[in-house]
Structures are given as C-alpha cells and as structure tokens.
Amino acid sequence: MRLLITRPMPQAVVDRAKTAFDTEVRGVNTPLDKDEMHRALADFDVVIPTLGDVFDADTFGAVANPRCRLLANFGVGYNHIDVDAAYAAGIQVSNTPGAVTDATADIGMTLILMSARRAGEGERLLRAGNWHGWHPTQLLGLHITGKTVGIVGMGRIGQAVARRCHFGFDMTVRYVSRTPKTLTFPAERAGDLADLAASVDVLVVCVPAGPETHHLIDANVFTAMRPTAHLINIARGDVVEEAALIGALQTGQIAGAGLDVYEFEPDVPAALRMMQQVTLLPHLGTNALEVRTAMGHMALDNVAAFEAGQDLPNHV
Ligand code: NAP
C-alpha cells in the first residue's frame, strides 16, 4: 500500500509508517500545490495531509479514477478538505481528535493570561531596553481569577479550557454550543452568542471552521462585548471576521485579543501586528513533540484500520 505523508513528521511516526507501508514523506513544510495534490490522489492509496493542503471539489474533480481511497488528516480540524466531494470521489476522510485537546487548551490559557496581563507588551518593553523598574501603576491589566469566561463551542477543547478556568482560576463558565452538554463542572448555557458576548470578561473561540461558523464572531459580537473584555481564538482564523476584530480593537470596543490562528494564515495584517494589546502566536496549539507524535500515530491507526478493511476509528 502506497502512503504519502505531506510534511516531515516526528521520527517515531516516520519510522512506523515506513515499517508498515510503502511510504513517501514529502521533505518540505509548505502546503501541497495543485500538481502535487493531483499526484497524491492519482499515485497513492492513502495520503496523510494536513492544514493548508486544500483538497477542494475542483481537486477531486481533476483526477478521474483516483487511486487514493483515504485522506487520513493529521489534525482534528479538517476544513481544508471538502469532505462531501471526497466521499463523492470514493475517498474516506479521518482526523485526529482527542490527541490535540489538552495542548490546545493550554495554548488557550497561555493566550488568556498573556492578553489579560499584557505579557507580550511587557516583554517587548523589556527587550527594547525601555524597562526602567517596577512601579505601582505600570502595565495594569485584567485580573483573571474569579472572572467570567465564555466558551464558544463546548466540545472537547472548549471543555478543556472551561475546566482549566473553573478549577484553576475559580472562574464562572458560560457557553454556547448547538446542543446542551452534561459537564463535570458548573457552567451555564447562554441563550445566544450576543448574550454570551455581553456577559463575559474573556470570550474563547473553540468551534470548528465551516460554512456555519464562517465569521461567526463579527462586528455584532464585538458591539455586544464589554470594553474591558478580551477575545481569544484558538480554533480557526476565519471563524473571526478579522477586519471587524481590527476595528473593535482600534476603537476600544474590546480591551485586547489573543490569537493563535488567522483568517488568511500565514498572513497576519500589519494592523494587528502594530497593536500592543494583541498577542499573536504562530498557530502553536499542538506544538509539543509528544502531541505531534500522538497525532501522527492516530493518523496511522486510521491507515492501519483502512488497510485491514476495518471501520476507521476516527471517521469524519
Ligand atoms: P469538537 O469536540 O467537535 O467541538 C466543537 C464544538 O463546537 C462542539 O461542541 C459543537 O457543538 C460546537 N459547534 C459547532 N458548530 C457550532 C456553532 N455553529 N455554534 C456553536 N457551537 C458550535 O472539536 P474540538 O476537538 O474541540 O476542536 C475544535 C476546533 O479547534 C477544531 O475543529 C480545530 O479547527 C481547532 N483546533 C485548533 C488547534 C490549534 O492549533 N490552534 C488545535 C486543535 C484544534 P455540538 O457539540 O453541540 O455539536
């Protein structure tokens, strides 16, 4: 069985793949271009793609009778794959849920704390040689303990963030999701997103990207938010309308933002990069070796199940 892995991966993942399958590992970290995507579908039985490899309807349409039968995505988010078009072409899709949950929630907490406590701004001040000593009114931020967090999308990552906020920071938890949840910590489901936005000190975006959630966080949400509140996005960039976010920050409609993902990633608008009240991380949600290794093994578990003719453990 011929397997293509579209990026360099942790060594343990590459070793397992090469032992089990006829494996080609692409040697560069850029997304596949169109020709490479066509070759992936035409010449391999299984592909392990990832973020940035845009398998849209045109791509599937361009390869008649593809050899490929499975896209075993490396990552829980699969909005770069048109799943309906894949299935229509006879290609299954799987992802890597769970492996990413705690690491991504930890980056959420990092951004909550950095944004609220102006950590990036403070570090830039010090590195620029402009710190002239402690004083009582320097860089005053928002105290997080005991405040209210709003979770947009109470799934695996949303719950992991909420648990950390409740048990670690004594925060009140409110949320929106499509269905009510049975949770292991106290949390109130808000009537709607505007209600949630108006009632919290920190709003954390944890929904998957897709047509339903594109620009879910728009100017109306920023209008509803408190001027002391912070927006955190650890999900996907286009869930937040970036132009509206820039406007809300520039006019002081909200106090700050902590972002791990961007609408036109990896392009990050200069307007965001210029503002001190914005914390910008380069999509670090899962950036730990053991997490990336676990994601790779989960993708390979799906490949192995596919080869054995079994149900995929992480079918999407
Ligand atoms: P998940 O368990 O499927 O949770 C998603 C939650 O969003 C579900 O609770 C779902 O509600 C809710 N939801 C979906 N559409 C909604 C809508 N229109 N309005 C309100 N809530 C909605 O997924 P997950 O594992 O937590 O991952 C979430 C996303 O995080 C991924 O899709 C990925 O894009 C992103 N992510 C980012 C990083 C990073 O590096 N920054 C890392 C990992 C994942 P129901 O349960 O009611 O359906």
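## As for the overall build of the protein
- The secondary structure content of the protein amounts to 12 helices and 12 strands.
- The globule rule puts the C-alpha radius of gyration for 316 residues at 20 Å, and the 21 Å found for the protein is close to it.
- If you line up the protein on its principal axes, its C-alpha atoms span 65 × 45 × 35 Å.
- Counting every position in the protein, which comprises 316 residues, the buried fraction comes to 48%.
- Excluding contacts between residues fewer than 6 apart, the proportion of contacts in the protein whose partners are at least 24 apart in sequence is 62%.
- For the protein, the distance from the average position of its 25 positive side-chain charges to the average position of its 35 negative side-chain charges is 5 Å.

## Things to note about the domain arrangement of the protein
- The domains assigned to the protein are domain 1 (2-99 + 288-307) and domain 2 (101-280).
- For domain 1 versus domain 2, the separation of C-alpha centres amounts to 31 Å.
- Carbon and sulfur atoms supply 53% of the area buried between domain 1 and domain 2, which totals about 570 Å² over both sides.
- Of all residues in domain 1, the largest losses of buried area upon contact with domain 2 belong to Leu-51, Asn-79 and Gly-98, amounting jointly to 57% of the total for that side.
- Across the domain 1-domain 2 interface, the total number found is zero salt bridges.
- Where domain 1 touches domain 2, the interface holds two residue pairs in polar contact (both at pLDDT 80 or more).
- Partitioned by chemical class, the residues of the side of domain 1 that touches domain 2 number five nonpolar, three polar and no charged.

## Digging into the site of the ligand
- Neighbouring residues of the ligand: 26 residues in total, closest Ile-157, Arg-178, Thr-179, Lys-181 and Asp-260.
- With respect to the ligand, the backbone of Met-154 contributes an N or O atom lying 3.5 Å from an oxygen atom.
- Contact with the protein chains hides 87% of the accessible area of the ligand, taken as 950 Å² for the molecule alone.
- Each residue belonging to the shell around the ligand can be placed in one class, and the counts come to 10 nonpolar, 10 polar and six charged.

## Concerning the packing of helix α1 (residues 11-20) against helix α12 (residues 289-307)
- In the contact formed by α1 and α12, the axes pass within 8 Å of each other and the chain directions differ by 15°. In terms of orientation, α1 lies roughly parallel with respect to α12. The hand of the α1/α12 crossing is right-handed. Contacts between α1 and α12 involve Ala-12, Val-13, Arg-16 and Ala-17 from the first element and Arg-292, Thr-293, Gly-296, His-297, Leu-300, Asp-301 and Ala-304 from the second.
- Across the contact of α1 with α12, the residue classes break down as five nonpolar, three polar and three charged.

## Section: the nonpolar core
- One finds Leu-3, Ile-48, Ile-112, Ile-151, Val-161, Val-204 and Ile-234 to be the most contacted residues of the largest nonpolar core, which totals 48 residues.
- If you count residues domain by domain, this core takes at least three from each of domain 1 (2-99 + 288-307) and domain 2 (101-280).
- Leave out the neighbours within four places in its chain, and Val-204 touches Ile-112, Val-149, Gly-150, Ile-151, Val-152, Val-161, Ile-232 and Ile-234.
- Membership of the second largest hydrophobic core comes to 33 residues, among which are Leu-196, Ala-209, Ile-254 and Val-278.

## A look at the state of the cysteines
- Evaluation of the coordinates by the stated rule reveals zero disulfides.
- With no disulfide partner, Cys-165 has as its closest neighbouring cysteine sulfur the one in Cys-206, 9.2 Å distant.

## Structural notes on helix α7 (residues 156-169)
- Between its first and last C-alpha, α7 extends 19 Å over 14 residues, near the 20 Å set by a 1.5 Å rise per residue.
- Among the residues of α7, Ile-157, Gly-158, Ala-160, Val-161, Ala-162, Cys-165 and His-166 are the ones counted as buried.
- In this structure, the buried residues of α7 make contact with α5 (101-116), β6 (148-152), β7 (172-176) and β9 (202-205).
- Of the residues trailing α7, Asp-170 is marked for its positive phi of about 55°.

Rules used throughout
- Residues numbered from 1 in each chain as written.
- Predicted model: local features only at pLDDT ≥ 70, side-chain atom pairs only at ≥ 80, totals over all residues.
- Heavy atoms only, no water.
- Helix = DSSP H or I, 4+ residues; strand = E, 2+ residues; numbered from the N terminus.
- Rg over C-alpha atoms; globule rule 2.2 N^0.38 Å.
- Buried < 20%, exposed > 50% of the residue type's maximum accessible area, 1.4 Å probe, protein only.
- Contact = heavy atoms within 4.5 Å.
- Lys, Arg positive; Asp, Glu negative; His and termini not counted.
- Charge placed at Lys NZ, Arg CZ, Asp CG, Glu CD.
- Domains from an automatic or database assignment.
- Buried area = accessible area lost by both parts, 1.4 Å probe.
- Salt bridge = Lys/Arg side-chain N within 4 Å of Asp/Glu carboxyl O.
- Polar contact = N/O pair within 3.5 Å; in protein donor to acceptor, adjacent residues only side chain to side chain.
- Nonpolar A, V, L, I, M, F, W, Y, C, P; charged D, E, K, R; others polar.
- Near = heavy atom within 4 Å.
- Areas by Shrake-Rupley, 256 points an atom, 1.4 Å probe, with all protein chains shown as cover.
- Axes fitted to C-alpha atoms, helices over the stretch in contact; angles between N-to-C directions.
- Parallel < 35°, antiparallel > 145°, perpendicular 65-115°, else oblique.
- Left-handed = near helix turned anticlockwise from the far one by under 90°.
- Core = buried A, V, L, I, M, F, W, Y, C linked by side-chain atoms within 4.5 Å.
- Disulfide = S-S within 2.5 Å.
- Expected span 1.5 Å × (residues − 1).

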